[in-house]
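Single-letter residue listing:
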Protein chains: 2
Amino acid sequence: MRIGEVARRSGVSVRALRYYEQQGLLTSQRTAGGQREYADDAVGRVRFFQQLYAAGLSSRRIAELLPCVDTGTTTAAQRTMLDDERARIAERIAALHTALDRLDDLIVAADARSA
Amino acid sequence: MRIGEVARRSGVSVRALRYYEQQGLLTSQRTAGGQREYADDAVGRVRFFQQLYAAGLSSRRIAELLPCVDTGTTTAAQRTMLDDERARIAERIAALHTALDRLDDLIVAADARSA
DNA sequence: CTTGACTCTGACGTCAACGTCAGGTTCTAG
DNA sequence: CTAGAACCTGACGTTGACGTCAGAGTCAAG
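Now for a quick tour of the structure. (Residues numbered from 1 in each chain as written. Chains lettered and ligands numbered in written order. Predicted model: local features only at pLDDT ≥ 70, side-chain atom pairs only at ≥ 80, totals over all residues. Heavy atoms only, no water.)

### Brief notes about the protein's contact with DNA strand D
Operational definition: For this description, a residue counts as near a given molecule or strand if any of its non-hydrogen atoms is within 4 Å of it. By the criterion applied in these results, polar contacts are pairs of N or O atoms within 3.5 Å in which, for protein atoms, one can donate a hydrogen and the other can accept it, and in which residues neighboring in sequence qualify only through two side-chain atoms. Only DSSP runs of H or I reaching four residues or more are called helices, and only runs of E reaching two or more are called strands; each is numbered from the N terminus. Throughout, the ten residues Ala, Val, Leu, Ile, Met, Phe, Trp, Tyr, Cys and Pro are labelled nonpolar, Asp, Glu, Lys and Arg are labelled charged, and all others, Gly among them, are labelled polar.
Close to DNA strand D lie 22 residues, the nearest being Ser13(A), Ser59(A), Gly4(B), Arg18(B) and Arg36(B). Between DNA strand D and Gly33(A), the relevant distance is 3.2 Å, taken from a phosphate oxygen to a main-chain nitrogen or oxygen of the residue. Arg36(B) is positioned such that a nitrogen or oxygen atom in its side chain is 2.8 Å from a phosphate oxygen of DNA strand D. Elements that contribute at least two residues to the surface near DNA strand D include exactly helix H2 (14-22) of chain A together with helix H1 (3-10) and helix H2 (14-22) of chain B. Considering each element in turn, the surface near DNA strand D owes the most residues, 4 residues, to H2(A). Taken together, the residues that form the surface near DNA strand D break down as 6 nonpolar, 9 polar and 7 charged.

Shown next, in the form of structure tokens:
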């Protein structure tokens, strides 16, 4: 699969895919002419990255955790990182719930006035 | 209350407080000498901003929603924004839960190997 | 073998939410 | 009244995840 198709199917830009490669997140074969050729699982990987980005992880962090996914090995340091990120995400979820409640307060108040 | 104390009590930098003012989020009185003097509720407001920032809202968006909080009035456009942001935050929470599950998969797999 | 779509590598641009520094002023404790 | 801590206004710097553009090469169809 060439880069344009991966981009379309994963919903990100061609530029983003080249950026992921630069950050060590995504690899590819090259054709004789030098163009990137991706395996089928590239689309799924990119979607996974998007989820982690949306959860607030950085490229560096994702790159550090990728060996856990790819090679199935987990060092003590990686295990600590996993726990740290888990805690961080749990905190973010809590903050989002709080924000949601604050917005709901506003919505309820607005509805009460207009009723 | 002067700016340094607001910063300490709300957990943000002095620079951030001046930035919030520039963005129209936070107002203050001035002393004869030109220094900012904040009301007591400033700390709570700043904490509120931090929650919304953490939830992914921009300064511009927060500024647009502030009238709902401050004046208690809500126009149709603001009501739409409230609903939009509510939906956006709900989506982000779902994405975070997905990411959390993916990390849990990795953690469980790591524990299974080391057990 | 040509054409047009696609891809390549730099390299500079962008945007938000501040950080940081310079050079000067204000406030408050003693 | 003086020292030093805190504050002021610009204004340039930073970071991450890309956007965008230039100039050139590659690929697939006809």
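Once you've had a look at it, read on.
### A word on the interface of chain A and chain B
Heads up, the condition is: Only heavy atoms enter the contact rule, under which two residues are in contact if any of them lie within 4.5 Å. Two parts lose some accessible area (1.4 Å probe) when they are put together, and adding that loss for both gives the buried area. Salt bridges are counted wherever a side-chain nitrogen of Lys or Arg sits within 4 Å of a carboxyl oxygen of Asp or Glu.
Facing 34 residues of chain A, the contacting portion of chain B comprises 34 residues. The junction of chain A with chain B conceals about 3,100 Å² of combined surface from both sides, 70% of it contributed by carbon and sulfur atoms. Looking at the side of chain A facing chain B, the largest losses of area belong to Arg86(A), Leu96(A) and Leu103(A), adding up to 20% of the total buried there. Taken together, the connections running from chain A to chain B amount to 4 salt bridges.

### Section: the protein's contact with DNA strand C
Close to DNA strand C lie 22 residues, the nearest being Gly4(A), Arg18(A), Arg36(A), Ser13(B) and Ser59(B). Counting only the atoms of DNA strand C that lie within 4 Å of the protein, the sugar and phosphate share comes to 78%. For DNA strand C, a sugar or linking oxygen lies 3.4 Å from a polar atom in the side chain of Arg2(B). Note that a base oxygen of DNA strand C is positioned 3.1 Å from one of the side-chain N or O atoms of Arg15(B). Sorting the residues of the surface near DNA strand C by element identifies helix H1 (3-10) and H2 of chain A together with H2 of chain B as the ones contributing at least two each. Among the elements that line the surface near DNA strand C, the one with the most residues is H2(B), at 4 residues. Taken together, the residues that form the surface near DNA strand C break down as 6 nonpolar, 9 polar and 7 charged.

### Observations regarding helix H4 (residues 59-70) of chain A
Here is the rule: To estimate how far a helix should extend, the number of its residues minus one is multiplied by 1.5 Å. Relative accessible area decides the class of each residue, using a 1.4 Å probe on protein chains only: under 20% of the type maximum gives buried, over 50% gives exposed, and in between gives partly exposed. Regarding the arc, it is the one traced by the directions from the helix axis to the C-beta atoms.
With 12 residues, H4(A) should cover 16 Å at 1.5 Å per step; its first-to-last C-alpha distance of 16 Å lies within 8% of that length. Taken together, the buried positions of H4(A) are Ser59(A), Ile62(A), Leu65(A), Leu66(A) and Cys68(A). In a view along the axis of H4(A), the buried residues occupy a sector of 155°, so they form one face of it. Buried-residue contacts for H4(A) involve H2, helix H3 (42-54) and helix H5 (76-114) of chain A together with helix H5 (76-114) of chain B. Positive phi shows up at Gly72(A), right after H4(A), with a value of about 75°.

### A few points about the packing of aromatic side chains
Operational definition: Think of it this way: a Phe, Tyr or Trp ring, Trp meaning its six-membered ring, pairs with another when their centres are within 6.5 Å, and the plane angle makes it stacked under 30 degrees, edge-to-face over 60, tilted otherwise.
Counted under the stated rule, the structure contains 6 aromatic pairs over all chains. Through a chain of ring-to-ring contacts, three or more aromatic side chains come together here, namely Tyr19(A), Tyr20(A), Phe49(A) and Tyr53(A).

### Let's talk about the relation of the copies chain A and chain B
For the record, the criterion: To line up the copies, we fit them by least squares on C-alpha atoms, keeping just the residues with pLDDT of at least 70 in both.
Rotating chain A by 180° and translating it 0.0 Å along the rotation axis places it on chain B, where the RMSD comes to 0.1 Å. Accordingly, the operation relating the two chain copies is best matched by a two-fold axis. Taking C-alpha positions as the reference, the residue of chain A nearest the rotation axis is Ile93(A), at 2.9 Å. Both copies contact each other with a shared surface, as 100% of the interface residues of chain A are interface residues in chain B too.

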